[in-house]
Amino acid sequence: MLNFEFKNPTKILFGKGEIAKISKEVPENAKVLMIYGGGSIKNNGVYDQVKEALKDHQIYEFGGVPANPEYEVLIDALNFIKEKEIDFLLAVGGGSVIDGTKFLSAAANYNGEPWEILTKSVRTYEGEGLPFGTVLTLPATGSEMNSGYVISRRETNEKLSSGGPGLFPQFSVLDPEVVKSIPPRQIVNGLTDAYTHVLEQYMTAPSSADLQERIAESILISLQETAPKVLSDDFSYEAAGNFMWCCTMALNGLIQKGVITDWAVHAMGHELTAYFGIDHARTLAIIAPSHYRYNFEAKKGKLAQYAERVWGIKEGTLEERAEAGIKKLEAFFHSLHIQTRLSEYTEDFEGTAERVEKAFTERNWTGLGEYRKLTPQDARKIVEMSY
C-alpha cells in the first residue's frame, strides 16, 4: 500500500427531509447565492424546500448553469458575486452546478484571468475560496464530497479541470427522494459516470491495498444490482439511496488512497464532450473498453480480478478472464442502452483521434495513466479503436 494522506471535511446530511437542516449550516449573516441549472428544481419541490429553509437568510439566485458548466455563463455569475458582495454559495443541482460553484469559489478571490485557474491548474487551498454547500439533485459525479471540478469553454472547445483542498463543500444534502423526478437518461448517465469513476481508481494493477480493492469492487457490484431497480417505473427509495450513496463513495477520495490511479479515460472522454457535446458519461463508455484493450498487457491482472470478483468468472486463463472482464463491462453499458462506439454518436468522427493527439501534445500531456507513460500518440490510437 502506498503512503497517503486523507482528509475529507464535507459534512453529509443524508435522507428524506434533510434539506430543512441547511439553515443551521449556513451562517446567519451570510449573503447567500443559490446557484442552479435549468430550473428543474422548481418542478420537483427542491427549490421550495431550499427557500423555506433559508427564509431568514439574505439569499440571491443565479440559474441557467448548463450541463458541462460553461465558462462564459460562470463569468456572469462571478460578476454578480462581486457586485452583490456574496460571501456564501449554495449549489442546488447535479455535478455540473456543483463543479461550476467550485470554480466560482476559486475565482472569487483569484487575482488574475479566471481561465488561468484551469489552464495552469491553479490549486485552491483552505481559506482562499468562498465557502459553499450543496444540495444534490442528480447523483453521478461525486462532486458533492470531493474538491475537484471540470469546466468547459465553448469558444475554444476545451474542457479542463482543477481543484484543491480548499474546495470541499462545507456540507452536502443527499435526499434520495430527488431521484424520483430524474429522467431515465440522466439516471443511466449517473450510473455510468460513477461506475467509470471506480474503474479509473481500480483498473490499474493488482494491489496489496485489499480494503480499497474490496470497497471499489463492492461499489461496482452495488451499481450493477441497483441499476435495474433505480430504472424501474416503480420508485424505490431504498434503490435511490443506494444509487446516490454509491455515486458519492465512488469519488470522495477514499478508494484511491494507497493505490495507483489512471484517469486517462477521463482525459480522452473530455475531448469528445468538448468536440461533439456528447454526454460526459457516454464518452467514458466509448473510451474505456478500447483503453483497456490497448493497455491489455499492463492491466490484464486487474481485468482478470475484476472479472472474477465482480462478475464471478473463474474459468479460463488469466488472459481469457481479462478479456471476459472487458466484454462484461461492455455488456453492462449496453444493458443501460449506452452505446460504446463514437460512430454511434456522430458521423463526423474522422480526424477526431488526430485532434486529441494534437490537443494533448499542445498541453504537454505526454505521460498519462497510472504509470505516466500514455503518450498523445497512444491516445490517438485508443480513440481510433473507439470509432
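About the thresholds
Residues numbered from 1 in each chain as written. Predicted model: local features only at pLDDT ≥ 70, side-chain atom pairs only at ≥ 80, totals over all residues. Heavy atoms only, no water. UniProt positions renumbered as here; feature names shortened; annotations may be inferred. Core = buried A, V, L, I, M, F, W, Y, C linked by side-chain atoms within 4.5 Å. Buried < 20%, exposed > 50% of the residue type's maximum accessible area, 1.4 Å probe, protein only. Contact = heavy atoms within 4.5 Å. Axes fitted to C-alpha atoms, helices over the stretch in contact; angles between N-to-C directions. Helix = DSSP H or I, 4+ residues; strand = E, 2+ residues; numbered from the N terminus. Parallel < 35°, antiparallel > 145°, perpendicular 65-115°, else oblique. Left-handed = near helix turned anticlockwise from the far one by under 90°. Nonpolar A, V, L, I, M, F, W, Y, C, P; charged D, E, K, R; others polar. Patch = residues over 30% accessible without salt bridge, like charges linked within 9 Å, V, L, I, M, F, W, Y side chains within 5 Å. Areas by Shrake-Rupley, 256 points an atom, 1.4 Å probe, with all protein chains shown as cover. Salt bridge = Lys/Arg side-chain N within 4 Å of Asp/Glu carboxyl O. Lys, Arg positive; Asp, Glu negative; His and termini not counted. Charge placed at Lys NZ, Arg CZ, Asp CG, Glu CD. Phe/Tyr/Trp six-rings, centres within 6.5 Å; stacked < 30°, edge-to-face > 60°. Lys NZ or Arg CZ within 6 Å of the ring centre and 35° of its normal. Disulfide = S-S within 2.5 Å. Pairing = 2+ DSSP bridges.

As recorded in an unreviewed UniProt entry, the protein chain goes by the name Iron-containing alcohol dehydrogenase, listed as coming from Chryseobacterium shandongense. UniProt, in the comment section headed Sequence similarities (unreviewed entry), describes the protein chain in these words: "Belongs to the iron-containing alcohol dehydrogenase family."

> Provide a residue-level description of the nonpolar core, including the pertinent values.
Of all hydrophobic cores here, the largest spans 115 residues; its most connected members are Val50, Phe103 and Tyr195. Leaving out residues up to four positions away in the same chain, Phe103 has contacts with Tyr71, Leu74, Pro114, Ile117, Leu118, Tyr149 and Ile151.

> Now, about the packing of helix α5 (residues 184–202) against helix α11 (residues 318–335): what can you tell me, with residues and values included?
Helix packing for two helices is described by the angle between their axes and how far apart those axes are. Closest axis-to-axis distance for the α5/α11 pair is 11 Å, and the angle between their directions is 160 degrees. If you check the angle between α5 and α11, you find them roughly antiparallel. Judged by the sense of rotation from one axis to the other, the crossing of α5 with α11 is left-handed. Every residue of α11 that contacts α5 at Thr192, Tyr195, Thr196 and Leu199 is listed here: Leu329, Phe332 and Phe333. Considered class by class, the residues forming the contact of α5 with α11 number 5 nonpolar, 2 polar and no charged.

> Go over unusual backbone geometry with me, naming the residues and quoting the values.
Outside of glycine, negative phi angles account for most residues, and trans bonds account for most peptide bonds. Positive phi values are uncommon outside glycine, yet Asn68 reaches one of about 55 degrees. Under the relative-accessibility criterion, Asn68 is labelled partly exposed at 22%. Phi is positive for Asn157, close to 55 degrees, though the residue is something other than glycine. Within the fold, Asn157 resides in the loop between β6 (148–153) and β7 (158–163). With a relative accessible area of 33%, Asn157 lands in the partly exposed category.

> Would you mind going over a negative patch on the surface in detail, with residue names and values included?
A cluster of like negative charges, contributed by Glu347, Asp348, Glu350 and Glu354, occupies part of the molecular surface. Mapped onto the elements, Glu350 comes out in the loop between α11 and α12 (352–362).

> Would you mind going over the packing of aromatic side chains in detail, with residue names and values included?
Counting across every chain of the model gives 14 aromatic pairs. Consider the rings of Tyr60 and Phe80, whose centres lie 6.0 Å apart with planes at 75 degrees: the pair is edge-to-face. Of this pair, Tyr60 sits in strand β3 (residues 58–62) while Phe80 sits in helix α2 (residues 71–84), and the two are 20 residues apart along the sequence. Ring centres of Phe88 and Phe171 lie 6.3 Å apart, and the angle between their planes is 15 degrees; this geometry places the pair in the stacked category. With a gap of 83 residues between them, Phe88 in strand β4 (residues 88–94) and Phe171 in strand β8 (residues 171–174) connect regions that are remote in the sequence. Look at Phe88 and you get buried, because its relative accessible area is 1%. Taken together through their ring pairs, the aromatic side chains of Tyr71, Phe103, Trp115 and Tyr149 make up a single cluster. Its end group placed over the ring of Trp115, Arg153 keeps NZ or CZ at 5.1 Å from the ring centre.

> How would you summarise the state of the cysteines if you had to cite specific residues and measurements?
A full pass over the atoms with the stated rule returns 0 disulfides. Between Cys246, a free cysteine, and Cys247, which holds the nearest cysteine sulfur, the sulfur-to-sulfur gap is 6.9 Å.

> Give me the lowdown on the UniProt feature "domain: Fe-containing alcohol dehydrogenase-like C-terminal" (unreviewed entry) in the protein chain, citing residues and values where you can.
Following the UniProt record, one finds the feature "domain: Fe-containing alcohol dehydrogenase-like C-terminal" (unreviewed entry) at residues 190–385. Strand forms 0% of residues 190–385 and helix 67%; the C-alpha atoms that close the span are 25 Å apart.

> Which residues make up the side chain of Ser147, and what values go with them?
Structurally, the position occupied by Ser147 is in the loop between β5 (132–138) and β6. Not counting the four nearest positions on each side in its chain, Ser147 is found in contact with Lys102, Ser162, Gly163, Gly164, Leu167 and Phe168.

> Now, about the UniProt feature "domain: Alcohol dehydrogenase iron-type/glycerol dehydrogenase GldA" (unreviewed entry) in the protein chain: what can you tell me, with residues and values included?
Mapped onto this structure's residue numbering, the UniProt feature "domain: Alcohol dehydrogenase iron-type/glycerol dehydrogenase GldA" (unreviewed entry) falls at residues 9–176. Within the segment residues 9–176, helix and strand shares are 24% and 26% respectively, and the terminal C-alpha atoms sit 22 Å apart.

> An account of the sheet that holds β8 is needed here, citing residue identities and associated values.
The 6 strands lie next to each other as β1-β8-β5-β4-β2-β3, forming an open sheet whose pairing is parallel. The open sheet has two edge strands with one neighbour each: β1 (11–14) and β3. Sheet twist, expressed as the mean angle between neighbouring strand axes with direction ignored, is 20 degrees. Looking at chain direction, strand β2 (residues 31–35) and β3 are connected through 5 bridges and run parallel. In the strand pairing of β3, Leu33 is matched with Tyr60.

> I'd like a rundown of the pairing of β6, residues and numbers included.
Of all 6 residues that make up β6, 5 are buried, and the element is covered over most of its length. Two elements, β6 and β7, share 6 bridges in a ladder whose sense is antiparallel. In the sheet register, Val150 faces β7, and the bridge partner there is Ser161. Taking the residues between adjacent antiparallel strands as the criterion, β6 and β7 are bridged by 4 residues, where Asn157 takes a positive phi near 55 degrees.

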